[in-house]
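Observations on the three-dimensional arrangement
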Amino acid sequence: MIGRTRRRQAGLGVASQETGAQVRQQPVVEEEWGSGAAPPHQCRDLGRVTASRPQCAVCKTEITIVPTSWRVGDGICKDGTSLAQRKGSIKGGYDSRAARHSFLPRTLCLMALAKVPGTCLLTIHVLQAHGLPSKDLVTPSDCYVTLWLPSVSSHQVQTRVVKNSRNPIWNQSFHFRIHTQLKNIVQFKVFDQDLLTEDDPLLLVLFDVGTLRAGESRRESFSLNPQGKEQLEVEFRLQNLTDCAERLVSNGILVARELSCLCVRLEKAGGQQGSEGRVQLAVPGSCEGPQEASVGAGSFGFRWPACWEPEPGVHPQDEPQEKLKVPLRALPSDQEPLMKVELKKEEGPRELAVRLDCGPCAEERAFLSRRKQVVAKALKQALQLDGDLQEDEIPVVAVAATGGGIRAMTSLYGQLAGLKELGLLDCISCITGASGSTWALANLYEDPEWSQKDLAGPIESLKTQVTKSKLGVVAPSQLWRYQQELAERARLGHPPCFTTLWALINEALLHDEPHDHKLSDQREALSRGQNPLPIYCALNTKERNLTTFEFGEWCEFSPYEVGFPRYGAFIPSELFGSEFFMGRLTKRLPESRICFLEGIWSNVYAASLQDSLYWSSEPSQFWDRWAQAQASLDKEQVPLLNIEEPPTVASRIAEFFTDLLTRRPLAQATHNFLRGLSFHKDYFQHPHFSAWKATKLDGLPNQLTPAEPFLCLLDVGFFVNTSCPPLLRPTRDVDLILSLDYNLHGAFELQILDRFCQEQGIPFPSISPSPEEQRQPRECHLFSDPARPDAPAVLHFPLVNASFREYSAPGVRRTAEAQEAGEVNLSSSDSPYHYLKVTYSREDMDKLLRLTHYNICNNREQLLEALREAVRRRKQRRAE
C-alpha cells in the first residue's frame, strides 16, 4: 500500500488526494492540457526584447518575459514565435535595423515564455480495413492497429485484435490533446498478430494532423494502391479547447514546452522487519526512464512534458511479476504497510538552458564588436588608408581550414605564420577548422595572446611532437591511464564509446602529458578581441541505416556555444556532454577536456563501411553520389500523407545489406541536448532550416535528431572536407573567406561546396577553375560574384608546390644546392604527408611548414587586393 498519493481523472494522469486507495489503470483518453479558443495574434512586426514587459509594436499586446539564470534570449509573441525571426521594433527595445550586428548587455538575462492558444482535442476513430493481405498460411490475418503521436505521448496505443478477418472492423476511438503550433504527425501501423513469431506489419501510414481545421470532421481512406483494394478507414475530428493555454518557447523551428516534476521518496512504514523495500518506478515519457530505489535512499525525481500527464508505475521487488499502479495494491490491505511511497508533483523549471535562436549569441556579437576595433586598425595599416573605417565599413574576413590529419595541422601553422609576417593576421575575425586543423587551433588557443606573439615558439613545439616516436602511446602506463580515465567518465555519466579512447590516444600522439585545457577556457583568448574567434566543425549522423550522404547535419563548436545552426539550437560550450530534456538541463556533467572534443572533430572511426567506400574514392565522383542520394529526397514539403507497403522477402534482404553497409560499429555517443524538443508546425518552411534541408528525414520530424537520446558526431570529411558552412550563416555576414585546402586528391574540392550551395540556394560564388587551372593549379585563386553582393568572395589556397620549387622566399631564387629543399612530395599515392601517417621526419616537417608559409607570403598582393575589395563592398552597402 501507499502513504499518500495524488491522482487526476485524466487519461494518463495521477491525481486525487487519497490514502490507501487502489488506483486502476485507465484507458487512454484525452490529457488535460491547456487550451485556447482565440487564435494567436498574427503580428509579424516585432524586434528584440530589452524590457521586462514590452509590447508588440503593432497590436500593443504585452509580451511575457521570464528571467533566466544567465542566458540572453529573445522575446516571444503570443503565438510562440521567437522575436529573433521577426522584423520591426519593440517598445522599450532597440532599432531592429542593426539586429544582425548589435547585442544585448549580458546583464539583461531574458528568455521569453508565452502562453500560446491553440490547444485542441483530436479524436481519431479507427473504423475498419478492407482487403488486408493474409500473412498466415491457413487462416486470414489477426489484425490490430497501433497509433503513435510523438508530440502527445512517448508510447503507442492500439486497437483490439480482430481474429481471422481480411476486413476487420474495430470501431474504436482514441483522444489526444494536441497543440496546433506543433507539427503533429500521427503514425498508424496495421499488424497481423502472431503468437509464436514477431507480428507482421501490413500497412504503415503517416498523417499530418495540421491539415485539419478546428471544428472539422473528416473521414479518410488510406490505400496502398490506386485500385484501393487494401484500405484503412479512419475518421478525424478536431475541437478547440477553451479557457487554458500552454506555455511554449520557439524559434520557428523547434519548440520547448513546459515540464512537470515528480519528487519521490520511499520510507519504511510501521515496525515491519525483513524487507529491504526495494522498488522500481517508471513514469512513461520521462527523461530519466525507470529508476530503482530502496527505503531510506533519499528522494529522487522524474521530469516529463507537463501536457502528457503520465501515470507512474511501481514494481516492488517482492512481487516482480506485478506491474502496479499507485498505490501498491500488491500488498494485502489487512497488514501493516512495509513502506510508504510519497509522491509530490511540482511545476518543472521554466528557464531554458538551450538557446533557441538562429542568430549568433550575445557573447559572440559582443566579441565581434571588440574584434572590429582590432581589424580596423590592422586594415588601416595594411591597406595604407587615409582615414579610420566606420564600424559598418569594417569587413568580416574569415579563414576556413580543411581537415587532413597531421598534414592539416602542420600546414595551418605555416599559413598562420605567413599571415602574421604580412601583418594580416589581425584582419581576420574568425577561423574555422575541421578534423586535423582543429588540433592546431586547440593548441594555439591555450595561449590567450597567441596571435600577438611570434609563432616560432609554438611551431618548434609542434615539430617536437610530430617528429617524436609514437610507441609510447601504447605503453602499459599509458594504457592504465586510459582505463582509469574511461572508468571515471563512465562513473560521471558519459556514455561509453570508442571515440573516447581514440581521444586519449590522439592526445598522447600530440602531447607529452595530459592537458586540462577546456573549450570554454578559450574565452580568455577572446576577452579583448585580441584573437580571431575559433569555430570547430563536426557532422551529426545516424548510428545505422543511413549514410552521411542521406543524413548529415553540421554541428559547430565555439568557446561560447555548441549547436546546430539548422535547428537554431545552441548550448553553452561548458554544458556540452551534459544531459538535457525539453531544453532544460537535467544533469550537469563536468566539462570535458578539449582532447575529447578533438577526438570528435577528427572521429574517423564512427564511419560506416559505405562511408569509407565513398571516402576512399575520387573526390570528382562525390557530386554524382550526392546527387543520386538527393534524387530520392522530397525537399519540397513535409508529406501530408505517407503510405508504405509491407516488407517483402526481397526488401528484407536489401534491408539486411543496407544495415550491414551503414552500421557504425564504433559510433560516437554524446548526450543529445536537443532531446525531447518538438517541431514547430512551420519548421519546414523556416529559412534557416530550409537552407540546410538536404537529408532523407527532413520531412519526417518524428525521426529527426530531437527524437534521439544521443548524438552521433564524426569527422566532416565523410561528407565534404570543408569548414566553410559556419561562415555561410547569413547572420555572420562574412565578406571574404580565405580557403586553406589541404587535400592531396585535388585542388578544388571546394567545387563540391559550391554545388551544394547552388542546390540549397545558399549565397556562394561559383567555383569554376579553367581546365588549365585544374591540371596545374596556382598557389592562389580568387572566386567572386559581383552580381551577388550577399555572397562572400573566396580566396582559395590549395596545397600545391608551384613556384616554391624555384624560390626559397618571394623573389629569392634557389641556389643549385638548395634545389632539393624545394621538392615537396604531395602525391596522393606515396606522399609522406598521408593522413594515416602520425610521425614525420624533421626534413619533411620543415619542407611542409616552409611551403605553406611561402604560398601565403608569395601572394601578398592578391591578399591585399581582396581586402581592399571587401572594404569597397562594405562602403558600397553603407551608401545604399
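Every value quoted in this text rests on a predicted model; they were computed, and no experiment measured them. (Residues numbered from 1 in each chain as written. Predicted model: local features only at pLDDT ≥ 70, side-chain atom pairs only at ≥ 80, totals over all residues. Heavy atoms only, no water.)

Further remarks concern the overall build of the chain. When helices and strands are tallied, the chain shows 15 helices and 39 strands. Across the 880 residues that make up the chain, the buried fraction comes to 57%. Counted over contacts in the chain with a minimum sequence separation of 6, partners at least 24 positions apart contribute 74%. When the accessible surface of the chain is totalled, it reaches about 36,500 Å², and 50% of it is carbon and sulfur. (Helix = DSSP H or I, 4+ residues; strand = E, 2+ residues; numbered from the N terminus. Buried < 20%, exposed > 50% of the residue type's maximum accessible area, 1.4 Å probe, protein only. Contact = heavy atoms within 4.5 Å. Areas by Shrake-Rupley, 256 points an atom, 1.4 Å probe, with all protein chains shown as cover.)

Before going further, it helps to spend a moment on the packing of helix α2 (residues 405-421) against helix α3 (residues 436-444). Packed helices, taken two at a time, are described by the angle their axes make and the gap between the axes. One can describe the packing of α2 onto α3 by two numbers: an axis separation of 6 Å at closest approach and a directional angle of 50°. In terms of their interaxial angle, α2 and α3 are classed as oblique. As α2 runs across α3, the sense of the crossing is right-handed. Contacts from Gly 405, Ile 406, Ala 408, Met 409, Leu 412, Tyr 413 and Leu 416 in α2 reach Gly 436, Ser 437, Trp 439, Ala 440, Leu 441, Asn 443 and Leu 444 in α3. (Axes fitted to C-alpha atoms, helices over the stretch in contact; angles between N-to-C directions. Parallel < 35°, antiparallel > 145°, perpendicular 65-115°, else oblique. Left-handed = near helix turned anticlockwise from the far one by under 90°.)

The element α3 is extensively covered by neighbouring structure, given that nine of its nine residues are classed as buried. All buried positions along α3 are accounted for by Gly 436, Ser 437, Thr 438, Trp 439, Ala 440, Leu 441, Ala 442, Asn 443 and Leu 444.

Attention now moves to unusual backbone geometry. With phi around 50°, Ser 435 is a residue other than glycine that occupies positive phi space. Examined against the element boundaries, Ser 435 turns out to sit in the loop between β23 (430-434) and α3. The exposure class of Ser 435 is buried, given its relative accessible area of 7%. Look at Asp 733: it is not a glycine, yet its phi comes out positive at around 55°. Judged by its relative accessible area of 10%, Asp 733 falls in the buried class.

Quick look at the sheet that holds strand β13 (residues 254-257) now. Note: strands within a sheet are paired through backbone hydrogen bonds, in either parallel or antiparallel orientation. Judged by pairing direction, the sheet is antiparallel, and its four strands sit side by side in the order β3-β12-β13-β32 without closing on themselves. Lying at the two open borders of the sheet, with one neighbouring strand each, are β3 (114-116) and β32 (678-679). (Pairing = 2+ DSSP bridges.)

So, about the pairing of strand β4 (residues 119-130). When you tally the buried positions in β4, you get 11 out of 12 residues, the bulk of the element. For β4 and strand β7 (residues 169-179), the ladder comprises nine bridges, and the chain directions are antiparallel. Residue Val 126 lies in a different strand from β7, and its bridge partner there is Gln 172. Here β4 pairs with strand β11 (residues 231-240) via 10 bridges, running antiparallel.

Let us now look at the sheet that holds β7. If you walk across this open sheet you meet the four strands as β7-β4-β11-β10, and the pairing is antiparallel. The open sheet is flanked by β7 and β10 (217-223), the only strands paired with a single partner. Averaged over all neighbouring strand pairs, the angle between strand axes comes to 20°, with direction disregarded. Taken together, the seven bridges between β10 and β11 define a ladder with antiparallel strand orientation. Paired with Ser 221 across the two strands is Glu 233, which belongs to β11.

Of the two faces of strand β26 (residues 561-564), the one lined by Glu 561 and Gly 563 and the one lined by Val 562 and Phe 564 are each fully buried. Sheet topology places strand β25 (residues 553-557) next to β26; two bridges connect them, and they run antiparallel. Bridged to Phe 557 within β26 is Val 562. Bridge count for β26 against strand β27 (residues 569-572) is four bridges, and the pairing is antiparallel.

With that settled, the discussion passes to the nonpolar core. With 160 residues, the main nonpolar core has Phe 557, Tyr 567 and Phe 576 as its most contacted residues. Tallying contributions element by element places α2 first for this core, with eight residues. In contact with Phe 576, not counting residues within four places along its chain, are Phe 557, Val 562, Ile 571, Leu 597, Ile 600, Thr 670, Phe 673, Leu 711 and Leu 713. (Core = buried A, V, L, I, M, F, W, Y, C linked by side-chain atoms within 4.5 Å.)

Let's shift gears to the environment of Val 283. One can find Val 283 in the loop between β15 (279-282) and β16 (291-293). Among the residues examined, Val 283 registers a relative accessible area of 5% and is labelled buried.

A few words on the confidence of the model for the chain. Overall, the prediction assigns the chain a mean pLDDT of 79, with 74% of residues at 70 or greater. Confidence, expressed as mean pLDDT per element, reaches its minimum in the chain at strand β1 (residues 65-67) with 31 and its maximum at strand β22 (residues 397-401) with 98. Below pLDDT 50 for its whole length, residues 659-664 participates in 27 contacts with residues either more than four positions away or in separate chains. (pLDDT = per-residue confidence, 0-100.)

Quick look at the side chain of Arg 566 now. Residue placement: Arg 566 occurs in the loop between β26 and β27. Given a relative accessible area of 4%, Arg 566 falls into the buried group. Residue contacts for Arg 566: discarding those within four places in its chain leaves Ile 253, Phe 551, Glu 553, His 688, Phe 689, Trp 692, Lys 693, Thr 695, Asp 698 and Leu 704.

In this section: the environment of Glu 749. As for its position among the elements, Glu 749 is in the loop between β35 (736-741) and α12 (750-760). Sequence spacing of Glu 749 and Thr 722 is 27 residues, and the spatial spacing of their C-alpha atoms is 8.4 Å. A distance of 3.3 Å separates the side chain of Glu 749 from the backbone nitrogen of Asn 721, its partner in a polar contact. (Polar contact = N/O pair within 3.5 Å; in protein donor to acceptor, adjacent residues only side chain to side chain.)

The next point concerns helix α14 (residues 842-857). Taking 1.5 Å per residue as the helical rise, α14 with its 16 residues ought to reach 22 Å, and the 23 Å between its terminal C-alpha atoms agrees with that figure. Among the 16 residues that make up α14, 12 are buried, leaving the element largely enclosed by the rest of the structure. Listing the buried residues of α14 in full gives Asp 844, Met 845, Asp 846, Lys 847, Leu 848, Leu 849, Leu 851, Thr 852, Tyr 854, Asn 855, Ile 856 and Cys 857. In this structure, the buried residues of α14 make contact with α2, α4 (456-467), β37 (793-798), β38 (807-809) and α15 (860-879). (Expected span 1.5 Å × (residues − 1).)

Applying the stated criterion across every chain yields a total of 44 salt bridges. Linking Glu 220 and Arg 218 is a salt bridge whose minimum nitrogen-to-oxygen distance equals 3.2 Å. Of the residues examined, Arg 218 reaches a relative accessible area of 21% and is grouped as partly exposed. Note that Arg 872 and Glu 865 form a salt bridge whose closest N and O atoms lie 2.9 Å from each other. Connected via shared salt-bridge partners are Glu 364, Glu 556, Arg 729 and Arg 732. (Salt bridge = Lys/Arg side-chain N within 4 Å of Asp/Glu carboxyl O.)

Now for the packing of aromatic side chains. Counted according to the given criterion, the structure contains 23 aromatic pairs. A ring pair is formed by Phe 188 and Phe 222, whose centres lie 6.0 Å apart and whose planes are at 35°; its orientation type is tilted. One end of the pair, Phe 188, is in strand β8 (residues 185-192); the other, Phe 222, is in strand β10, with 34 residues separating them in the sequence. Of the two residues examined, Phe 188 and Phe 222, each falls in the buried class. Their ring planes at 55° and their centres at 5.4 Å tell us that Phe 804 and Tyr 854 sit as a pair that is tilted. You can see Phe 804 sitting in the loop between β37 and β38 and its partner Tyr 854 sitting in helix α14, a full 50 residues away along the chain. Looking at Arg 489, its charged tip hangs above the ring of Phe 596, at a distance of 4.0 Å from the centre. Positioned above the aromatic ring of Phe 551, the side-chain terminus of Lys 542 is 5.1 Å from the ring centre. (Phe/Tyr/Trp six-rings, centres within 6.5 Å; stacked < 30°, edge-to-face > 60°. Lys NZ or Arg CZ within 6 Å of the ring centre and 35° of its normal.)

Remark: α4 packs on α14, axes separated minimally by 10 Å, with the N-to-C direction vectors making an angle of 140°. Overall, the two elements α4 and α14 adopt an arrangement that is oblique. Every pair of crossing elements has a handedness; the one defined by α4 and α14 is right-handed. Here Ile 459, Glu 460, Leu 462, Lys 463, Thr 464, Val 466 and Thr 467 of α4 lie close against α14, whose contacting residues are Arg 842, Met 845, Asp 846 and Leu 849.

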